[in-house]
Amino acid sequence: MSRGDFHTHSTRSDGTLTPAELVRLAWRNGVRVLALTDHDTLEGIAEAREAARELPGMRLVPGVELSCDLPGSELHMLGLFVDPDDVSFAAELARFRENRVARGRAIVEALEGLGAPIDWERVREIAGDASIGRPHIAQALLERGHVASIREAFDRFLANDGPGYVSREKLEPERAIEMIAEAGGISVFAHPSFTREHAEIARRLAGAGLFGIEVYYKDYVPELVEELRELADGLGLFPLGGSDFHALPGQREREPGDIPLPDEVVERLLEEVGRRGCRVPEPAPPRARGPSS
């Protein structure tokens, strides 16, 4: 288990644990520096922070995950140590979430044409307060019996090259890096192997202010971890890691902290972002002991 995890999701986007439940699970697993990185929203940060204050030694890093576009591919960008009170950043995220609703409706319409009808209101119920995403639609497909698993929903309908895929508002990765920096944070290239020509893309973005790359990502095999670590070292990028935990039903996921991210890298990160002027959260103090008998 690692003491740090910089990629997790809650019910505020497409996870199934509340922010507080996620923080408490991570702490029980030995995580002491946790980033909540819901898609296009920082709305779970306040609840997560409140929960972290009750857990000795815990630091909650405000984060977000943004979906960026590339020709023929997609890239996900983590924004870490961002200011949740930044008004301009919050407005941009709100616009992205509105686009997600329109996109979700379009996907539901496409699925009906594909012979896999689902109810839009049920998708909204599944999402709850979260920003609507494809996992919520996948859950609705599963409930209606159109697929046998969430994975099948993506493989048959919802993957980027699937028949039910609908594109969203375009966001270039350089713009995402700029937005994150303006909100006081650092940008990290998430699960790079999911992006075509990721090494070349990383080289390009290193020159645009990219801070790090997700080297220690949940089920990456050691050979890929080493390849990405060498890539990060060669480009002067910080090697970070995350479980990308969602707590999705029926999925075998790595829990928070169950990644090979070395503890010394976590400590070095806190020092580095502090030097850069980011707001580094203080660890929650030890619980006060009652009077001795």
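Scroll up to find the structure this text is about.
Residues numbered from 1 in each chain as written. Predicted model: local features only at pLDDT ≥ 70, side-chain atom pairs only at ≥ 80, totals over all residues. Heavy atoms only, no water.

1. Some details on the pairing of strand β5 (residues 186–189)
Moving on, step 1. Neither face of β5 is exposed, since I186 and V188 on one face and S187 and F189 on the opposite face are all buried.
Moving on, step 2. Pairing of strand β4 (residues 73–80) with β5 involves four bridges; the strand directions are antiparallel. Among the inter-strand pairings, G79 is bridged to a residue of β5, identified as S187.
Moving on, step 3. Viewed along the sheet, the connection from β5 through helix α8 (residues 198–206) into strand β6 (residues 212–217) turns out right-handed. (Buried < 20%, exposed > 50% of the residue type's maximum accessible area, 1.4 Å probe, protein only. Helix = DSSP H or I, 4+ residues; strand = E, 2+ residues; numbered from the N terminus. Pairing = 2+ DSSP bridges. Right-handed = clockwise from strand over helix to strand, strands pointing away.)

2. Details of the side chain of D38
Moving on, step 1. Note that D38 resides in the loop between β2 (33–36) and α2 (45–53).
Moving on, step 2. Nearest to the buried, unbridged D38 among oppositely charged side chains is R12, at 6.5 Å.
Moving on, step 3. A distance of 2.6 Å separates a polar atom in the side chain of D38 from a polar atom in the side chain of S13.
Moving on, step 4. Those residues in contact with D38, other than ones at most four positions away along the chain, are T8, H9, S10, R12, S13, G63, V64 and E65. (Lys, Arg positive; Asp, Glu negative; His and termini not counted. Salt bridge = Lys/Arg side-chain N within 4 Å of Asp/Glu carboxyl O. Polar contact = N/O pair within 3.5 Å; in protein donor to acceptor, adjacent residues only side chain to side chain. Contact = heavy atoms within 4.5 Å.)

3. Quick word on the nonpolar core
Moving on, step 1. Among the nonpolar cores identified, the biggest contains 70 residues, and F6 and L80 are the most heavily contacted of them.
Moving on, step 2. Beyond its immediate chain neighbours, meaning those up to four positions away, L80 contacts F6, A35, T37, V61, P62, G63, G185, I186, V188 and L240. (Core = buried A, V, L, I, M, F, W, Y, C linked by side-chain atoms within 4.5 Å.)

4. Observations concerning helix α6 (residues 150–158)
Moving on, step 1. When α6 is considered as a whole, its buried residues turn out to be I150, A153, F154, F157 and L158. When α6 is viewed along its axis, its buried side chains cluster within an angular range of 105° and face the same direction.
Moving on, step 2. Buried residues in α6 make contact with α3 (87–113) and α5 (134–143). (Arc of directions from axis to C-beta.)

5. A look at a negative patch on the surface
Moving on, step 1. Together, D263, E264, E267 and E271 give the surface a local cluster of negative charge.
Moving on, step 2. With respect to the secondary-structure elements, D263 resides in helix α10 (residues 263–275). (Patch = residues over 30% accessible without salt bridge, like charges linked within 9 Å, V, L, I, M, F, W, Y side chains within 5 Å. Areas by Shrake-Rupley, 256 points an atom, 1.4 Å probe, with all protein chains shown as cover. Charge placed at Lys NZ, Arg CZ, Asp CG, Glu CD.)

6. Here's the deal with the packing of α3 against helix α4 (residues 120–127)
Moving on, step 1. The geometry of α3 relative to α4 is characterised by a closest axis approach of 10 Å and an angle of 135° between their N-to-C directions. Regarding the angle of α3 to α4, the classification is oblique. Taken as a pair, α3 and α4 cross one another with a handedness that is right-handed. When α3 is examined against α4, the residues V101, G104, R105 and V108 are found in contact with a partner set consisting of W120, V123 and R124. (Axes fitted to C-alpha atoms, helices over the stretch in contact; angles between N-to-C directions. Parallel < 35°, antiparallel > 145°, perpendicular 65-115°, else oblique. Left-handed = near helix turned anticlockwise from the far one by under 90°.)

7. Describing the sheet that holds β6
Moving on, step 1. Across the sheet, which stays open at both edges, the seven strands sit in the order β1-β2-β3-β4-β5-β6-β7 with mixed pairing between neighbours. Whereas interior strands pair on both sides, the edge strands pair on one side only; in this sheet they are β1 (4–5) and β7 (238–242).

8. Examining the pattern of salt bridges
Moving on, step 1. All chains considered together, the criterion is met by 20 salt bridges.
Moving on, step 2. Among the ionic pairs, D219 bridges to R254, the shortest N-O distance being 3.0 Å. One end of the pair, D219, is in the loop between β6 and α9 (222–235); the other, R254, is in the loop between β7 and α10, and 35 residues separate them in sequence.
Moving on, step 3. Put simply, E272 and R276 hold a salt bridge, and the shortest N to O gap is 3.0 Å.
Moving on, step 4. Beyond isolated ion pairs, a larger network of salt bridges with shared partners links R122, E125 and E143.

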